[in-house]
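Read off the chains here:
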Amino acid sequence: MSGLTELLAGIERLEGPSTGMDIELMRLVDPDAVPYSSAHLRYTSSVDAALDLVERMTPGCKVELFYGGPIVGHHCHLFRVEAPQAAGKSRDASTLPLAILAALLKAMIDHE
């Protein structure tokens, strides 16, 4: 199992923000990074931070978000305009940031 697969499994287990997972995602972006403070790491709690990570890791990828509420859950679909059926990755989660991160990690795993 790859590191990305383990990270995806961790994201899929979450029901809300996680400082520990934010640090793991920071290491995905910069493996040599040392977190001096987790205050600026908000990947699992901020839609904007999660979308910034998508843009950084998969430039040009388009994102569709569906707010489902507390019962239905939230959904994220990532795709490329030039090949939407080939690159589309969708994920559901309890929060929008987690759905975004799960879709991103699934897309990255499929391109390994």
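Residues numbered from 1 in each chain as written. Predicted model: local features only at pLDDT ≥ 70, side-chain atom pairs only at ≥ 80, totals over all residues. Heavy atoms only, no water.

Chemist: Can you help me understand the packing of helix H3 (residues 47-57) against helix H6 (residues 96-110) in this one?
Modeler: Helix-helix packing is described using two parameters, namely the angle between the two axes and the distance between the axes. Closest axis-to-axis distance for the H3/H6 pair is 8 Å, and the angle between their directions is 15°. What the angle tells us is that H3 and H6 run roughly parallel. In the packing of H3 onto H6, the handedness of the crossing is left-handed. When H3 is examined against H6, the residues Val47, Ala50, Leu51, Leu53, Val54 and Met57 are found in contact with a partner set consisting of Leu96, Pro97, Ile100, Leu101, Leu104 and Met108. Considered class by class, the residues forming the contact of H3 with H6 number 12 nonpolar, no polar and no charged. (Axes fitted to C-alpha atoms, helices over the stretch in contact; angles between N-to-C directions. Helix = DSSP H or I, 4+ residues; strand = E, 2+ residues; numbered from the N terminus. Parallel < 35°, antiparallel > 145°, perpendicular 65-115°, else oblique. Left-handed = near helix turned anticlockwise from the far one by under 90°. Contact = heavy atoms within 4.5 Å. Nonpolar A, V, L, I, M, F, W, Y, C, P; charged D, E, K, R; others polar.)

Chemist: Help me understand the sheet that holds strand E2 (residues 74-79), please; the structure alone is not making it clear to me.
Modeler: For sheets, the rule is that strands pair by backbone hydrogen bonds, running either parallel or antiparallel. If you walk across this open sheet you meet the three strands as E1-E2-E3, and the pairing is antiparallel. One side of each edge strand has no neighbouring strand; the edge strands of this open sheet are strand E1 (62-66) and strand E3 (89-93). On average, each strand axis in the sheet is tilted by 15° relative to the strand beside it, whichever way the strands run. The strands touched by H6 within the sheet are E1, E2 and E3, with E3 carrying the most contacts at an inclination of about 145°. (Pairing = 2+ DSSP bridges.)

Chemist: Can you help me understand H6 in this one?
Modeler: Since one α-helical turn is 3.6 residues long, residues separated by three or four positions face the same way. Compared with an ideal rise of 1.5 Å per residue, which puts 15 residues at 21 Å, H6 spans 21 Å between its outermost C-alpha atoms and is within 8% of the ideal. Across the 15 residues of H6, 13 count as buried, placing the element largely inside the fold. A side-chain oxygen of the first residue of H6 lies 3.3 Å from the backbone nitrogen of Leu98; this N-cap is Thr95. (Expected span 1.5 Å × (residues − 1). Buried < 20%, exposed > 50% of the residue type's maximum accessible area, 1.4 Å probe, protein only. Polar contact = N/O pair within 3.5 Å; in protein donor to acceptor, adjacent residues only side chain to side chain.)

Chemist: Sorry if this is basic, but what is going on with the pattern of salt bridges here?
Modeler: Opposite charge on two side chains permits them to pair, given that their charged atoms come into close proximity. Inspection of every chain in the model, using the stated rule, returns two salt bridges. Between Glu24 and Arg27 there is a salt bridge; the shortest N-O distance is 3.1 Å. Of this pair, Glu24 and Arg27 both sit in helix H2 (residues 19-29), three residues apart, roughly one helical turn. By relative accessible area, Glu24 is classed as partly exposed at 36%. We note a salt bridge from Lys106 to Asp110, for which the minimum N-O separation is 3.1 Å. Note that Lys106 and Asp110 are positioned in helix H6 at a spacing of four residues, about one turn of the helix. (Salt bridge = Lys/Arg side-chain N within 4 Å of Asp/Glu carboxyl O.)

Chemist: Before we go on, may I ask you to explain H2 in this structure?
Modeler: When we look at burial in H2, the residues that qualify are Met21, Asp22, Ile23, Leu25, Met26 and Val29. In the core, the buried residues of H2 are packed alongside helix H1 (3-13), H3 and H6.

Chemist: In this structure, what is going on with the nonpolar core? I would like to understand it.
Modeler: As a rule of thumb, soluble globular proteins bury nonpolar side chains together. Among the nonpolar cores identified, the biggest contains 31 residues, and Ile11, Leu25, Tyr43, Leu53, Leu78 and Leu101 are the most heavily contacted of them. If you list the elements that add at least two residues to this core, you get H1, H2, H3, E2 and H6. Looking at this core, the element that brings in the most residues is H6, giving 11 residues. Excluding residues that lie within four positions of it along the chain, Ile11 makes contacts with Met21, Leu25, Thr44, Leu98, Leu101, Ala102 and Leu105. (Core = buried A, V, L, I, M, F, W, Y, C linked by side-chain atoms within 4.5 Å.)

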